[in-house]
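# Residue-level structural notes
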Amino acid sequence: MKELTLKANHIDAVNKVATETATGNSFAQKLAFTKARITKLNEYRIERAISANNQNFAHVFSLIPLLIHLNHPALPAYVENAPQGIWHFELSEYQKHFLMSYSFDEAISAYHLENQADFDALYSMGSTGSITQTSLSDLDLWLCYSDNLTIEQYKLMELKIAKLQEWAKTFQVDINIYLMNPEQFKSQTYSSGVTDEHSGSAQHFFLLDEFYRSAILLAGKRLLWLHLHKNDYQNVKNNPEINLDEWVDFGDFSSLSTSEFFGASLWQLYKGINNPYKSAIKILLLECYAHTYPKTKLISKEFKQKLLSDASIQYHFDPYLAMLELVTENLISRKEWIKLDRLRVCFYTKAIEGEASKNWRSNDLKELVTQWSWSEEQTALLLNRQHWKIKQVMNHDLMLVDHLLQSYRNLIHFARKFHINPSIMTNDIDILMRRLYSVFESLPGKVSLINPKISSNLAEQNMTFIEAKEGSAMQAGWYLVNQAPKSQYDSENRYVHYNKNPIKLIAWGYFNGIINANTHLHTISRNLNIEKLRQFITDLRLSFPIQAPEMTNDDLHHPNEIRNLVIAINLAQDPTQDIPNLPKKVHQSDLFNFGNAQKPLVGSVSIIYRNVWNEIRTQHFEGDDAILKALKLVSNRIYQSSASPRSVNVFCYSKRLRSQLREFVADLVHKCITIQTGCVLQTTELDTLKIAGKTWQFVFNKQTIGLKQIEEQAVENSENIANDVVVKEKALEKIKREFPYQISEFASEGFLQFFFEDNDNNSFNVYVVDERNSVESYYNCSGNKEEKIRKINRSLNEKRLNAEVSSAFGSFNYPQFYQIISPNNEICIVPYQSRQHLDYLAQQNN
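Residues numbered from 1 in each chain as written. Predicted model: local features only at pLDDT ≥ 70, side-chain atom pairs only at ≥ 80, totals over all residues. Heavy atoms only, no water.

The name that an unreviewed UniProt entry assigns to the protein is Class I adenylate cyclase, with the source organism given as Mannheimia cairinae.

Structure (structure tokens):
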């Protein structure tokens, strides 16, 4: 073997099969040989999984099959009338002792359930039993069922699965159980959209590749594809020597195409949000597969070839080591040494997560490190990761993000190069793109959040905020230093973070957990003293917590509207401290227009908000028009007819007139929000304001806030991409017509969005909203929507492929498609081809 061969005593009870089983040439003899070999391998993987984990894991791992097979009121996770029974289930000794501990003999005598076996098989897959399975690893299970399961039974089983997950959680074990119908899987019928654990239509064959190379049979029927040579599998229906009712068949890879690379790479990037190291390995595997296209060798096929060989096998049978081996060979052949180093770092870090006890895993990892010629310092650094502080974590986070995005861009380039039409459904693309946008997209004012999987505690003992003025030796702005003033530290790394204004630095430190209640804060600034800073961080802590609420797909289907809002008045600039003899009370109309100089008493407005996509955004305004800009921003981030933010807090840090300024600004902010959300009747005007000698009036209009309406043009004169694709050769007459106002409430800045609206004459209208929320309307279009969507994607891909790399790959702005429907005569917008859209069409047809 090559670099990753393990010691013989770690490999292989399976080699005995080669001598213990007569191989012969008949189909029955070959099948018996393969069954025996896979059985040995299965036992070996189960033994590795249990021996490398704690007793809690062993308990859950051993009992899950029993609790699925036997749904009894005396046992955990019971659900009345839920499906039960796994084909030809046999109790293990551990399961027998468990049942005896519940002191009811009925279960032992009834475990066969001869007349009920609702499930064909239960498989574990993924990292189970591999070198990367740790105490923090999820247990992923495929529960296979046939078409005999009714909708009611399916729902009851979903409830039982939820209870099983809760039960496992009491033992600190995370399990994911997927209800898998092999026939639906083969036909690529997706019963679920994208969730945190379900890839929806993002991947099919790559998921099957992982399943086949890592599957461990816990109960029930064997996998057909894994046991048969290619010709035997393709002709299995005509083979009288095999009873298909005794097998589970998820299909083969005969129709594997490049169309899945796009969705699979999106999915891995998405999974990288919570599992960065595992995703970093898998996305490199996808890149390796793409690089060897069209001669791609799937690991599962190589694995199967070895299993079916009657030669003595010298192979580790570890799916993660198989990935490492294949990607290593590919990177070495391409001389990509930086990627190779990153691969090894990610692999080793994934394998030591939660590692404490010494077992076969720690010994095998030590061998790998020796083969890589790593120093003791390198391994010690990674082993000490949970104690890293901010500089180390920032560098590591930058490496992870760069690694994931670089591989993603390479895969997108591959997809565009081969003019691939993605197989992923449009509504799944929308969810993935918006989630990736919310995490990875770098935008002005957006706070970058460091991946919490790197280190759980980033809190620093001392943090100093330093203000540099124009004309000083340093670039003007604010610097954050993780040291106390006048302390000794490395001059080359003298600051941790820089920004032009302090609000983004404070938000970055707070939301990344660098500043906590025990951090000693310091300032070197004339405007922001330590009392102000401490008070603001306390107010921030009381306003909304660091931990974001759980985000749902429904949240992602909405614009990224404000959920929690904090506004800080005069935090960075305070005019009240520079005005002599300022009275204790000022008339409200003079707060923005004080004295003969007509100067506002608001010098700065700092805004921090968390939106429904869990992004942290900041904005800072200074000068006479700071309050105007702040109110305009709030108005444009509160979408019309949407719900009000969950919390709105206005704080003032003036030396004088603090409560007056806070109350007046809070009242203005409240008016902006209530007008935008439709909570007041007068939606056209806000009170007149006199600011710095000028009179201002706010006007609110459905068509002008957030969206700009463009008058309909003839097709020949339009430069829009929809020009050639949506309406094609047919020129449209000029029509003055408003687009549905619901689009203005739904559209999100930063995305190219297409909205379809069906007409009574079988034609449809298309409203195209660009990244700046400008709208173009096309009426009475004809043809097939799916074909037009493919052409839009292809046309955009070609444009981006020819563009500069920086602009072509700078965002996750993949076109998003929606359908305007009117259930119960109320217009609403849903993702195109989503469950809501398809259900609506079905009702219309009935």
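### Points about the overall build of the protein
Scanning the protein from N- to C-terminus turns up 30 helices and 22 strands. Counting every position in the protein, which comprises 846 residues, the buried fraction comes to 55%. Excluding contacts between residues fewer than 6 apart, the proportion of contacts in the protein whose partners are at least 24 apart in sequence is 72%. Of the accessible surface of the protein, which amounts to about 38800 Å², a share of 47% is contributed by carbon and sulfur atoms. (Helix = DSSP H or I, 4+ residues; strand = E, 2+ residues; numbered from the N terminus. Buried < 20%, exposed > 50% of the residue type's maximum accessible area, 1.4 Å probe, protein only. Contact = heavy atoms within 4.5 Å. Areas by Shrake-Rupley, 256 points an atom, 1.4 Å probe, with all protein chains shown as cover.)

### Remarks on the sheet that holds strand 8 (residues 477-481)
Backbone-to-backbone hydrogen bonds join strands into a sheet, with any given pair of strands oriented parallel or antiparallel. With respect to topology, four strands assemble into an open sheet ordered 9-8-7-10, the strand pairing being mixed. Only two strands of the sheet have a single partner each, and these edge strands are strand 9 (497-499) and strand 10 (520-524). Adjacent strand axes in the sheet meet at a mean angle of 15°, parallel and antiparallel pairs treated alike. The sheet contact formed by strand 8 and strand 9 spans three bridges and is antiparallel. When the bridges of strand 9 are listed, Trp 478 appears paired with Asn 499. (Pairing = 2+ DSSP bridges. Axes fitted to C-alpha atoms, helices over the stretch in contact; angles between N-to-C directions.)

### Quick look at the pattern of salt bridges
Where charged atoms of side chains with opposite charge meet at close range, the side chains can pair. Using the criterion set out here, one finds 23 salt bridges in the structure. Notably, a salt bridge pairs Glu 287 with Arg 334, separated by 3.2 Å at the nearest N-O pair. Of this pair, Glu 287 sits in helix 13 (residues 276-291) while Arg 334 sits in the loop between helix 15 (319-333) and helix 16 (337-352), and the two are 47 residues apart along the sequence. For Glu 336, the salt bridge is made with Arg 334, and the minimal N-O distance between the two is 2.7 Å. Via salt bridges that share partners, Glu 287, Arg 334, Glu 336 and Lys 339 belong to a single interconnected network. (Salt bridge = Lys/Arg side-chain N within 4 Å of Asp/Glu carboxyl O.)

### What about the pairing of strand 22 (residues 828-831)?
In the sheet, strand 21 (residues 816-821) pairs with strand 22 via four bridges, with the strands oriented antiparallel. Across the sheet, residue Ile 821 finds its bridge partner in strand 22, namely Cys 828. What sits between strand 21 and strand 22 in their antiparallel hairpin is a turn of six residues, with Asn 824 showing a positive phi close to 55°.

### Some thoughts on the nonpolar core
The nonpolar side chains of a soluble globular protein tend to be buried with one another. Formed by 129 residues in total, the largest nonpolar core has its most connected members in Trp 142, Phe 211, Phe 250 and Phe 536. In this view, Trp 142 contacts Ala 121, Leu 122, Tyr 123, Met 125, Tyr 178, Met 180, Phe 185, Leu 207, Phe 211 and Phe 250; residues no more than four positions away in its chain are not counted. The next biggest cluster of nonpolar side chains, apart from the first, holds 36 residues, and it includes Phe 98, Val 173, Ile 177 and Ala 219. (Core = buried A, V, L, I, M, F, W, Y, C linked by side-chain atoms within 4.5 Å.)

### Some thoughts on the environment of Ile 131
Looking at the element boundaries, Ile 131 is found in the loop between strand 1 (119-125) and strand 2 (139-145). Residues Ile 131 and Ala 351 lie 220 residues apart in sequence; the distance between their C-alpha atoms is 6.5 Å. If sequence neighbours within four positions are ignored, Ile 131 has contacts with Asp 318, Leu 321, Phe 347, Ala 351, Trp 360, Arg 361, Asp 364, Leu 365 and Leu 368.

### Comments concerning helix 13
Residues spaced three or four apart along an α-helix point in a common direction, a consequence of the helix completing one turn every 3.6 residues. Compared with the 22 Å implied by 1.5 Å per residue over 16 residues, the 22 Å span of helix 13 between its first and last C-alpha is a close match. The buried fraction of helix 13 is high, at 14 of 16 residues. (Expected span 1.5 Å × (residues − 1).)

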